[in-house]
Amino acid sequence: MADNQLTSESNGIRMGAFTAVVLAVYTGIAAAAGFLGQIEAGTLDIVILAAGVVLSIRRLKRAKGRHMSYFQGFSTGIITALAASVLLGAFFWLLGGISQSAMQQIQARNLFGAELGVLIGGLGIILLGTMTGMVTSLVAMQYFKASEHQAKVSME
């Protein structure tokens, strides 16, 4: 698909898949290295997801010739985060089925005293990732739209 025909949906799904690959590789490395249960491991997931959302919005803005509506940028960020989160959640379910030691790492930090299971963990990943992507999209669009407005004001 040519970049001038790029839509919010196709861009979000494509960039979400790329972001999910990076997240899955990182999560696999964290599980193999034994630090999946650390809070810091989850923080880097959020940073990777936010970077994927920002790169997705930037790619769409470049493809649209810098004439991107606020809603186009906002929606591509949300779709990117949703796609990446769903794929990471699926990877988490697969990882939970394959590696019991990875699940034991996570359950060691169980704060509620009940075993929540892999299914609920994956659903939590999807919810947290999508909400993080939505907030990141809101913040990123303030930047991307501000630079466009500044260019118009300086030309007057």
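Residues numbered from 1 in each chain as written. Predicted model: local features only at pLDDT ≥ 70, side-chain atom pairs only at ≥ 80, totals over all residues. Heavy atoms only, no water.

**With respect to the overall build of the protein**
The secondary structure content of the protein amounts to five helices and zero strands. Each helix (α) and strand (β) of the protein, taken in turn from the N terminus, gives the series α-α-α-α-α. Looking at the protein as a whole, 38% of its 156 residues are labelled buried. Expressed as a percentage of contacts within the protein between residues at least 6 apart in sequence, the contacts between residues at least 24 apart total 81%. With the model as given, the accessible surface of the protein reaches about 9000 Å², and the carbon-plus-sulfur share is 69%. (Helix = DSSP H or I, 4+ residues; strand = E, 2+ residues; numbered from the N terminus. Buried < 20%, exposed > 50% of the residue type's maximum accessible area, 1.4 Å probe, protein only. Contact = heavy atoms within 4.5 Å. Areas by Shrake-Rupley, 256 points an atom, 1.4 Å probe, with all protein chains shown as cover.)

**Considerations on the nonpolar core**
Of all hydrophobic cores here, the largest spans 19 residues; its most connected members are Leu23, Leu49, Ile57, Met68, Ala84, Met141 and Phe144. Of all elements in the fold, only α1 (8-33), α2 (39-63), α3 (70-98) and α5 (117-155) reach the threshold of two or more residues within this core. Per-element tally for this core: the top contributor is α2, with seven residues. Leave out the neighbours within four places in its chain, and Met141 touches Ile57, Met68, Ser69, Tyr70, Gly73, Phe74 and Ala146. (Core = buried A, V, L, I, M, F, W, Y, C linked by side-chain atoms within 4.5 Å.)

**Observations concerning the packing of α2 against α3**
Packing of α2 against α3 brings their axes to within 9 Å, and their N-to-C directions diverge by 140°. In terms of their interaxial angle, α2 and α3 are classed as oblique. Helix-helix and strand crossings are classified by hand; for α2 and α3 the assignment is right-handed. Here Leu49, Gly52, Val53, Ser56, Ile57 and Leu60 of α2 come into contact with α3, specifically with Gln72, Gly73, Thr76, Gly77, Thr80, Ala81, Ala84 and Ser85. (Axes fitted to C-alpha atoms, helices over the stretch in contact; angles between N-to-C directions. Parallel < 35°, antiparallel > 145°, perpendicular 65-115°, else oblique. Left-handed = near helix turned anticlockwise from the far one by under 90°.)

**Concerning α2**
The periodicity of an α-helix, 3.6 residues per turn, causes residues three or four places apart in sequence to face the same way. Between its first and last C-alpha, α2 extends 37 Å over 25 residues, near the 36 Å set by a 1.5 Å rise per residue. Turning to α2, its buried residues are Ala41, Asp45, Ile48, Leu49, Gly52, Val53, Ser56, Ile57, Leu60, Lys61 and Ala63. Just downstream of α2, Gly65 is the residue with a positive phi angle, here 70°. (Expected span 1.5 Å × (residues − 1).)

**What about a nonpolar patch on the surface?**
The grouping of Tyr70, Leu127, Met131, Met134, Val135, Leu138 and Val139 at the surface amounts to a nonpolar patch, some 610 Å² of accessible area in total. Ranked by residue count, the leading element in the nonpolar patch is α5, at six residues. Mapped onto the elements of the fold, Tyr70 is located in helix α3. (Patch = residues over 30% accessible without salt bridge, like charges linked within 9 Å, V, L, I, M, F, W, Y side chains within 5 Å. Salt bridge = Lys/Arg side-chain N within 4 Å of Asp/Glu carboxyl O.)

**Some words on the packing of aromatic side chains**
Here the structure, examined in full by the defined rule, presents two aromatic pairs. Residues Tyr143 and Phe144 carry aromatic rings whose centres are separated by 5.3 Å and whose planes lie at 70° to one another, so their mutual orientation is edge-to-face. The buried category is assigned to Phe144, whose relative accessible area is 7%. (Phe/Tyr/Trp six-rings, centres within 6.5 Å; stacked < 30°, edge-to-face > 60°.)

**Quick notes on the environment of Gly129**
Looking at where Gly129 falls in the secondary structure, it is placed in helix α5. Distance in space between the C-alpha atoms of Gly129 and Asp45 is 8.9 Å, their sequence separation being 84 residues. Setting aside chain neighbours within four positions, we find Gly129 in contact with Leu49, Ala81 and Ser85.

Any functional reading would require information beyond the geometric quantities listed.
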